[in-house]
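# Results of the structural survey
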Amino acid sequence: MLNRRNFLKTGLTAGAGVIPLTSALNGLDAVPASLAAHAATLDTDGSGVEVVSLPRRLPPRNQLTVPWQQKIRRVGQTNMTEYDPAVMNVDEWADYWHSAETDVVFVSVTGILAFYPSRVQFHRHGKFLHGRDLFGECVTAAKKRGMRVVARMSPDLNWGDALDAYPEWAMRHQDGSVQLSSEEPRLFKTCMFSTYMDNYVPAIMREVNSLYDVDCLYTNGWPPLGSLPDCHCSACSKLPATGTPAYWRVFTDRVLELWQKYDAIAKEKKHDSFFFANSGGNVRGGPNLDRLGKVAAWFQADNQGRTYDDAAIWGCSLQGRVCNAVLDGKVAANVTAAYSTGTPGWRNVSKNPFEARMWLNETLASGMVPYFHFVGAENGFGEDRRWQEVGGDYFRWTAQHDAHFTTRRSIANIGVVIGQSTQLLYPGPAPARSHAYMHETIQGMYDALLQGRFAFDFVHEDRLEAERLAKYRALLLPNIAILSDRQCEQLREYVHLGGSLMATFETSLYDEDLKPRSDFGLADLMGVNKAGDAVGTNGNAYSARIEPANAGQPHAILDGFSKTNWIAGAQNRVPLKPIESPLLTVIPGFVRYPPELAYPSHPHTNEPAVVLRGSGPSRMAWFPGDIERTYWLTGHGDLLRLLHNAIRWVSHDECIVKVEGAGFIEMFCWETTPGYAIHLLNYTNSSAQHGWLRSVNPLGPQKVTMRLPSGIDVKSVELLKAGQKLSFRFRNLMLQFTVASVEDYEVAAITVG
């Protein structure tokens, strides 16, 4: 029998790209050399999981060619209030950030108010400014201490007195009325398609550039994050309807047009200056993240802390994975709010230190630059100073290990397609229309991957070129409903070249214009055909029957299911046409109450609850239900086991970095200039899913196993948080060591030679 291990022994040699005739007859012509070399260096640690070799290391980078912003390792900001010019102690402010070894500080030029004596019309001076040049004083103090300065402005709001002269500046409701700030009705929301952005904002930028030695320009509050504007002004009324793919394209065009215009203004004074804007929004983003990643010199991830709607502790890590998917190594900084985020929130009161530190931990672990932020400088430098010790201590610790925190590339063998267009535009299936639908979907998949300790990256749907995907043994498509014909073809090519896929629910059922297809765009590849529209739940959700033919020697995706014929299905499913010899079949949902009627009228159907397919080294799994979202909503163990089994099956049980031990952790693996860094984030906490961390629950031993590429020797393994060197075992390129304990966070830094 030709199993995965026999295939690798008989059909591949490192770098050869040769496959046996058996696989060629299954429809594969060749495996790319990168996949062949990756697969040919398998080993096992005795657990049945195959530990595959890390890729050959990247060549050294000439530091003289690295832009200055990519050398930034710590960012600080005290967000100014109108009152600060009356009370702020500039030297105390600058001394704090300098003592924390901060590389760059954000200083407010303006939001709704000028912090310098501006002469731009409608650039209002605060009532406490009194001619003081607070911005200029801060720039001078920062530069004196060797820190760079970002000039920060917020163009999203302005005062109503400007509307008499420029009524076109305001966003409008459908009835033509002005859209006002929800908290301060004296302020109106500015329209990004108006001359406000073309003329007023550039005037301030040029004035600042002419007066001060700033290193770059930044706009906060624009572009919007996580949703698209809904404006009905005279300019926007000529655009496609908001929330549509056509509007999203126009919106992205406008963002990039202004971005490049502002970038040119930044460079008018210094060639190495640049413009960047508020970004983030996690998988939803705002503008198309692939297009943005091509022009942005700095990605400002504005994920400041947990909210009621996004309560999971890993929100910052998730953002870091998005940045890694689109930036090609350019800098991303995540804004950690030292103040109390959430609803309700307190913008001038410190949050729990355990929570703030975990957000900083996630920033570092996911490859972003830590950025600490507080609001207001009352009483000289803040009434609440608790945050200052947290940030200062953390920054000084990172400064001791900058080389290990400067990442080269992520080490992962599984890619998760994030589907930004689906996240932003897809309304959910007909039975469950909800703006939160895809948020729940990605959270379910993310949680499942963490629970299984998989090493994974995010992959943007506009970055499915073969050379980008070659590093991944498998791609996961968690209800990526919107896929173009070209993207479907790229996925076919990926499978043709030896990759594997797992997809769920309505994946590929819509084209790039959100037009429904009559059948799945990947129907031919995955061996599935739609038999009807999505079915929801009214009472009991559907269940899946383990077919008797699989009871004796069950398939790997049924591992661990015993003493039952039924397992949990999902809340919603797309009915599929029958297939030959299904492993699981659908038991349609039925009444939950009254209990007398809680039994199926059709206990046995031929509708598949999963479809599996193999072609040479490629494996494909299709779940017609939204199982990852249903897992997130319920926490059902059947769904988690099914997801884990399927992911392991499509990835051939291959593991690129294995971490064994008790507890709920998130793992990141990076290639660094000195060697490698394994980041372990400890989420074993009653507050991991809601609220703030109030304490740490330490974990016991975590055993790490990884196989290094040939020609590499290990000089040392050091725990950066514990501050100690570890003993390790390195034989036949297999590296093993044990982290004795993990508090909230640990980093195993591996130096190689």
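In short, a report on the structure. Within each chain, residue numbers correspond to sequence positions counted from 1 in written order. Only residues with pLDDT of at least 70 get local features here, since the model is predicted, and only at 80 or more are side-chain atom pairs given and counted; chain-wide, interface and lining totals rely on the full set of residues. Think of the side-chain values as coming from all heavy atoms in the structure, minus any hydrogens and water.

### Observations concerning the overall build of the chain
Under the DSSP-based scheme used, a helix requires at least four consecutive residues in state H or I and a strand at least two consecutive residues in state E, with every element numbered from the N terminus. Broken down by element type, the chain carries 20 helices and 34 strands. For a compact globule the rule gives 2.2 Å times the number of residues to the power 0.38, and the radius of gyration it is set against comes from C-alpha atoms. A compact globule built from 753 residues would reach a C-alpha radius of gyration of about 27 Å, and the chain, at 27 Å, matches this within 12%. With the C-alpha coordinates of the chain rotated into their principal frame, the extents come out at 85 × 65 × 50 Å. Only protein chains enter the calculation, and the probe is 1.4 Å; a residue is then buried if its accessible area is under 20% of its type maximum, exposed if over 50%, and partly exposed in between. Counting all 753 residues of the chain, 59% fall into the buried class. Accessible area for the chain stands at about 28,900 Å²; split by element, carbon and sulfur atoms hold 50% of it. Positive residues here are Lys and Arg, negative ones are Asp and Glu, while His and the chain termini are left out of the count. Charge positions come from single atoms, namely NZ of Lys, CZ of Arg, CG of Asp or CD of Glu. Across the chain, the mean location of the 73 positive side-chain charges is 4 Å away from that of the 78 negative side-chain charges. To be clear on the numbers: accessible area is Shrake-Rupley with a 1.4 Å probe, and residue cover counts the displayed protein chains and nothing else.

### A short note on the nonpolar core
As used here, the term nonpolar core means buried Ala, Val, Leu, Ile, Met, Phe, Trp, Tyr and Cys residues forming a set that is joined through side-chain atoms within 4.5 Å. Judged by nonpolar contacts, the single largest core of 207 residues is most densely connected at W93, F135 and F458. For this core, the element with the highest residue contribution is helix α8 (residues 245-266), accounting for 10 residues. If you look at the next biggest cluster of nonpolar residues, it comprises 30 residues, including V52, M667, V714 and V742.

### Details of the environment of T195
Here T195 shows up in helix α7 (residues 195-211). For the pair T195 and W169, spaced 26 residues apart in sequence, the C-alpha separation works out to 6.6 Å. Excluding residues within four positions of it along the chain, T195 makes contact with E168, W169 and Y200. Any pair of nitrogen or oxygen atoms within 3.5 Å is treated as a polar contact; in protein, a donor-acceptor pairing is required on top of that, and neighbouring residues in sequence qualify only through side-chain atoms on both sides. Within the local environment of T195, its side chain forms a polar contact with the side chain of E168, the two groups lying 3.3 Å apart. In what follows, residue pairs with any heavy atoms lying within 4.5 Å of each other are defined as contacts.

### Focus: the side chain of S508
With respect to the helices, strands and loops of the structure, S508 is situated in the loop between β19 (500-504) and α18 (523-526). The contacts of S508, once residues within four sequence positions are left out, are I480, A481, L483, C488, R517, D519, F520, G521, L522 and W622.

### Comments concerning the sheet that holds strand β3 (residues 75-79)
Any two strands are treated as partners once DSSP identifies two or more bridges connecting them. The eight strands lie next to each other as β3-β4-β5-β8-β9-β10-β11-β14, forming a closed barrel whose pairing is parallel. Strand-to-strand, the axes of this sheet are offset by a mean angle of 30°, without reference to chain direction. When strand β9 (residues 275-279) meets strand β10 (residues 298-301), the two strands line up parallel, connected through two bridges. When the sheet's bridge partners are listed, S279 is paired in β10 with A301. Together, β8 (216-219), β9 and β10 form the strand contacts of α8, whose direction differs from that of β9 by roughly 140°. Note on method: axes are straight lines fitted to C-alpha atoms, helices fitted across the in-contact stretch only, with angles between N-to-C directions ranging 0 to 180 degrees.

### Looking at the packing of helix α10 (residues 315-326) against helix α11 (residues 353-365)
In the contact formed by α10 and α11, the axes pass within 8 Å of each other and the chain directions differ by 20°. Classified by the interaxial angle, the pair formed by α10 and α11 is roughly parallel. Considering the relative orientation of α10 and α11, their crossing is right-handed. Packed against α10, whose contacting residues are G315, C316 and S317, the element α11 presents W359, E362 and T363 at the interface. In these notes the angle categories are as follows: under 35 degrees is roughly parallel, over 145 is roughly antiparallel, 65 to 115 is roughly perpendicular, and the rest is oblique. Crossings are sorted by hand: turned counterclockwise from the far helix by less than a right angle, the near helix makes the crossing left-handed, and turned clockwise it makes it right-handed.

### Description of the environment of S687
Tracing the backbone through its elements, the reader meets S687 in the loop between β28 (675-682) and β29 (702-707). Taking the relative accessible area as the measure of exposure, S687 reaches 3% and is therefore buried. Separated by 58 residues in sequence, S687 and Y745 place their C-alpha atoms 16 Å apart. Apart from the residues lying within four places of it in its own chain, the contact partners of S687 are R306, W692, L693 and R694. Polar contacts involving the side chain of S687 include one to the main-chain carbonyl oxygen of W692, which spans 3.3 Å.

### Considering the environment of A301
Tracing the backbone shows A301 in strand β10. Spatially, the C-alpha atom of A301 lies 10 Å from that of V331, the residues being 30 residues apart in sequence. What A301 contacts, discounting residues up to four positions off in sequence, is S279, G280, Q319, C323, A333, N334, V335 and M368.

### Side note on the pairing of strand β27 (residues 665-672)
Within β27, eight of the eight residues are buried, which leaves it mostly tucked inside the rest of the structure. Of the two faces of β27, the one lined by I665, M667, C669 and E671 and the one lined by E666, F668, W670 and T672 are each fully buried. Both strand β15 (residues 407-410) and β27 contribute to a ladder of three bridges, which runs antiparallel. Within the sheet, the bridge partner assigned to S410 lies in β27 and is W670. Relative to β28, β27 runs antiparallel, the two being bridged by seven bridges. Looking at the pairing, I665 lines up with N682 of β28. The antiparallel pairing of β27 with β28 creates a hairpin that spans two residues between the two strands.

### Details of the packing of helix α5 (residues 90-99) against helix α12 (residues 386-399)
Contact geometry of α5 with α12 gives a least axis separation of 9 Å together with a crossing angle of 40°. Between α5 and α12, the interaxial angle falls into the category oblique. Contacts between α5 and α12 involve Y96, W97 and S99 from the first element and W387, Q388, G391, G392, F395 and R396 from the second. In this classification, the charged set is Asp, Glu, Lys and Arg, the nonpolar set is Ala, Val, Leu, Ile, Met, Phe, Trp, Tyr, Cys and Pro, and all remaining amino acids, among them Gly, are polar. For the contact of α5 with α12, a count of residues per class yields four nonpolar, four polar and one charged.

### A word on the pattern of salt bridges
A side-chain nitrogen of Lys or Arg and a carboxyl oxygen of Asp or Glu constitute a salt bridge if their distance falls within 4 Å. Taken as a whole and assessed by the stated rule, the structure comprises 39 salt bridges. With its nearest N and O atoms 2.9 Å apart, the salt bridge here joins R517 to D485. With a gap of 32 residues between them, R517 in the loop between β19 and α18 and D485 in helix α17 (residues 485-496) connect regions that are remote in the sequence. Ionic pairing is found between D626 and R629, a salt bridge with its closest N-O pair at 3.4 Å. On the basis of relative accessible area, D626 is assigned to the buried category, the value being 0%. Each member of the salt-bridge network shares a partner with another, and the members are D290, K294, D328, R463, E465 and R468.

### A short note on empty space enclosed by the protein
Only protein atoms enter the 1 Å grid used here, on which a cavity is any set of points holding a 1.4 Å probe that cannot leave and a pocket is any open set flanked by protein within 12 Å on both sides along at least five of seven lines; residues with an atom within 4 Å of a point are listed as lining. Grid points are joined across faces, edges and corners, and a volume is the space filled by probe spheres set on the points. Tallied over the full model, the rule gives seven cavities of 30 Å³ or more. Considered as a void within the structure, the largest cavity measures approximately 70 Å³ in volume. As for the largest cavity, its lining consists of F354, M358, N682, T684, N685, L693, S695, V696, N697, E743 and D744. Partitioning the lining of the largest cavity into residue classes produces four nonpolar, five polar and two charged.

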